[in-house]
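Results of the structural survey
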Amino acid sequence: MLVVLGVISTEAITEIITKSDIFAPLMTRLALRDDFFSRLLTCPYCLSVWVAGFNTILILLYLEFASSIFLIPILVFSIHRLSNVFHCGQDILNAGSHKKSNH
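Residues numbered from 1 in each chain as written. Predicted model: local features only at pLDDT ≥ 70, side-chain atom pairs only at ≥ 80, totals over all residues. Heavy atoms only, no water.

On to helix 4 (residues 44-65). Look at helix 4: 31 Å from first C-alpha to last across 22 residues, which is about the 32 Å you get at 1.5 Å a residue. Ala66 sits one or two positions beyond helix 4 and adopts a positive phi of about 50°. (Helix = DSSP H or I, 4+ residues; strand = E, 2+ residues; numbered from the N terminus. Expected span 1.5 Å × (residues − 1).)

Shown next, in the form of C-alpha coordinates:
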(Lines give C-alpha, C1' and ligand atoms only; values in the text may rest on other atoms or scores of the structure.)
Protein backbone atom coordinates (compact mmCIF):
# COMPACT_ATOMS: atom_id res chain seq x y z
CA MET A 1 0.00 0.00 0.00
CA LEU A 2 2.86 2.40 0.76
CA VAL A 3 4.25 1.94 -2.74
CA VAL A 4 0.85 2.78 -4.28
CA LEU A 5 0.58 5.91 -2.12
CA GLY A 6 4.15 6.82 -3.06
CA VAL A 7 3.35 6.49 -6.77
CA ILE A 8 0.19 8.60 -6.45
CA SER A 9 2.03 11.21 -4.40
CA THR A 10 4.93 11.31 -6.87
CA GLU A 11 2.55 11.95 -9.75
CA ALA A 12 0.71 14.67 -7.83
CA ILE A 13 3.84 16.52 -6.72
CA THR A 14 5.38 16.29 -10.19
CA GLU A 15 2.18 17.57 -11.80
CA ILE A 16 1.89 20.48 -9.36
CA ILE A 17 5.49 21.60 -9.88
CA THR A 18 5.58 21.25 -13.67
CA LYS A 19 2.05 22.26 -14.67
CA SER A 20 0.30 24.33 -12.00
CA ASP A 21 -0.32 28.07 -12.19
CA ILE A 22 1.45 28.51 -8.85
CA PHE A 23 4.79 27.45 -10.32
CA ALA A 24 4.17 28.92 -13.81
CA PRO A 25 6.37 32.02 -13.31
CA LEU A 26 9.25 29.85 -12.10
CA MET A 27 8.78 27.38 -14.96
CA THR A 28 8.78 30.23 -17.49
CA ARG A 29 12.06 31.59 -16.13
CA LEU A 30 13.61 28.13 -16.02
CA ALA A 31 12.55 27.36 -19.58
CA LEU A 32 14.68 30.28 -20.77
CA ARG A 33 17.79 28.78 -19.22
CA ASP A 34 19.64 25.78 -20.53
CA ASP A 35 21.21 24.04 -17.58
CA PHE A 36 20.70 20.82 -15.65
CA PHE A 37 18.50 22.34 -12.95
CA SER A 38 16.11 24.02 -15.38
CA ARG A 39 15.80 20.86 -17.49
CA LEU A 40 15.20 18.82 -14.35
CA LEU A 41 12.32 21.00 -13.14
CA THR A 42 10.63 21.56 -16.49
CA CYS A 43 10.66 17.89 -17.54
CA PRO A 44 7.96 15.88 -15.70
CA TYR A 45 9.69 12.57 -16.40
CA CYS A 46 13.02 13.86 -15.10
CA LEU A 47 11.52 15.50 -12.03
CA SER A 48 9.42 12.45 -11.11
CA VAL A 49 12.59 10.40 -10.55
CA TRP A 50 13.77 12.82 -7.87
CA VAL A 51 10.32 13.20 -6.33
CA ALA A 52 10.04 9.39 -6.18
CA GLY A 53 13.43 9.29 -4.48
CA PHE A 54 12.26 11.80 -1.88
CA ASN A 55 9.06 9.80 -1.29
CA THR A 56 11.08 6.59 -0.98
CA ILE A 57 13.24 8.18 1.70
CA LEU A 58 10.12 9.25 3.59
CA ILE A 59 8.67 5.74 3.39
CA LEU A 60 11.94 4.18 4.56
CA LEU A 61 12.10 6.62 7.48
CA TYR A 62 8.54 5.69 8.38
CA LEU A 63 9.39 1.97 8.30
CA GLU A 64 12.57 2.49 10.30
CA PHE A 65 11.20 4.74 13.03
CA ALA A 66 7.49 3.83 12.94
CA SER A 67 6.62 7.52 13.04
CA SER A 68 3.67 8.53 10.90
CA ILE A 69 5.03 12.08 10.64
CA PHE A 70 7.13 10.87 7.68
CA LEU A 71 4.00 9.81 5.79
CA ILE A 72 2.18 13.15 6.07
CA PRO A 73 3.46 14.60 2.75
CA ILE A 74 2.78 11.33 0.92
CA LEU A 75 -0.74 11.09 2.35
CA VAL A 76 -1.55 14.74 1.67
CA PHE A 77 -0.55 14.55 -1.99
CA SER A 78 -2.13 11.12 -2.49
CA ILE A 79 -5.43 12.28 -1.05
CA HIS A 80 -5.19 15.45 -3.14
CA ARG A 81 -4.66 13.47 -6.36
CA LEU A 82 -7.40 10.91 -5.60
CA SER A 83 -9.74 13.79 -4.81
CA ASN A 84 -8.95 15.32 -8.21
CA VAL A 85 -9.76 12.01 -9.91
CA PHE A 86 -13.07 11.87 -8.04
CA HIS A 87 -13.90 15.47 -9.02
CA CYS A 88 -13.11 14.79 -12.69
CA GLY A 89 -15.40 11.75 -12.63
CA GLN A 90 -18.11 13.77 -10.95
CA ASP A 91 -17.77 16.52 -13.56
CA ILE A 92 -18.17 13.96 -16.34
CA LEU A 93 -21.27 12.50 -14.69
CA ASN A 94 -22.73 15.96 -14.13
CA ALA A 95 -22.06 17.01 -17.74
CA GLY A 96 -23.74 13.83 -19.00
CA SER A 97 -26.84 14.33 -16.86
CA HIS A 98 -27.00 18.01 -17.85
CA LYS A 99 -27.00 17.08 -21.56
CA LYS A 100 -29.78 14.54 -21.01
CA SER A 101 -31.97 17.03 -19.18
CA ASN A 102 -31.65 19.58 -22.03
CA HIS A 103 -33.02 17.18 -24.64
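Having put the structure on the table, let's press on.
Taken together, the side chains of Phe36, Phe37, Val49 and Trp50 present a nonpolar region at the surface, about 490 Å² in accessible area. For the nonpolar patch, the secondary structure elements donating two or more residues are helix 3 (36-42) and helix 4. On the secondary structure map, Val49 appears in helix 4. Residue class for Val49 comes out exposed when judged on its relative accessible area of 53%. (Patch = residues over 30% accessible without salt bridge, like charges linked within 9 Å, V, L, I, M, F, W, Y side chains within 5 Å. Areas by Shrake-Rupley, 256 points an atom, 1.4 Å probe, with all protein chains shown as cover. Salt bridge = Lys/Arg side-chain N within 4 Å of Asp/Glu carboxyl O. Buried < 20%, exposed > 50% of the residue type's maximum accessible area, 1.4 Å probe, protein only.)

This part is about the nonpolar core. If you look at the biggest cluster of nonpolar residues, it comprises seven residues: Ile13, Ile17, Met27, Leu30, Leu41, Leu47 and Val51. Of all the secondary-structure elements, those providing two or more residues to this core are helix 1 (2-19), helix 2 (24-32) and helix 4. Residues Leu5, Ile59, Leu71 and Ile74 belong to the second largest nonpolar core, which totals five residues. (Core = buried A, V, L, I, M, F, W, Y, C linked by side-chain atoms within 4.5 Å.)

Attention now goes to the confidence of the model for the chain. The pLDDT averaged across the chain works out to 91; a share of 94% of its residues lies at or above 70. Averaged over each element, pLDDT in the chain is lowest for helix 3 (84) and highest for helix 4 (96). (pLDDT = per-residue confidence, 0-100.)

Relative to the helices and strands, Leu63 resides in helix 4. We classify Leu63 as exposed; its relative accessible area is 53%. Spatially, the C-alpha atom of Leu63 lies 10.0 Å from that of Leu2, the residues being 61 residues apart in sequence.

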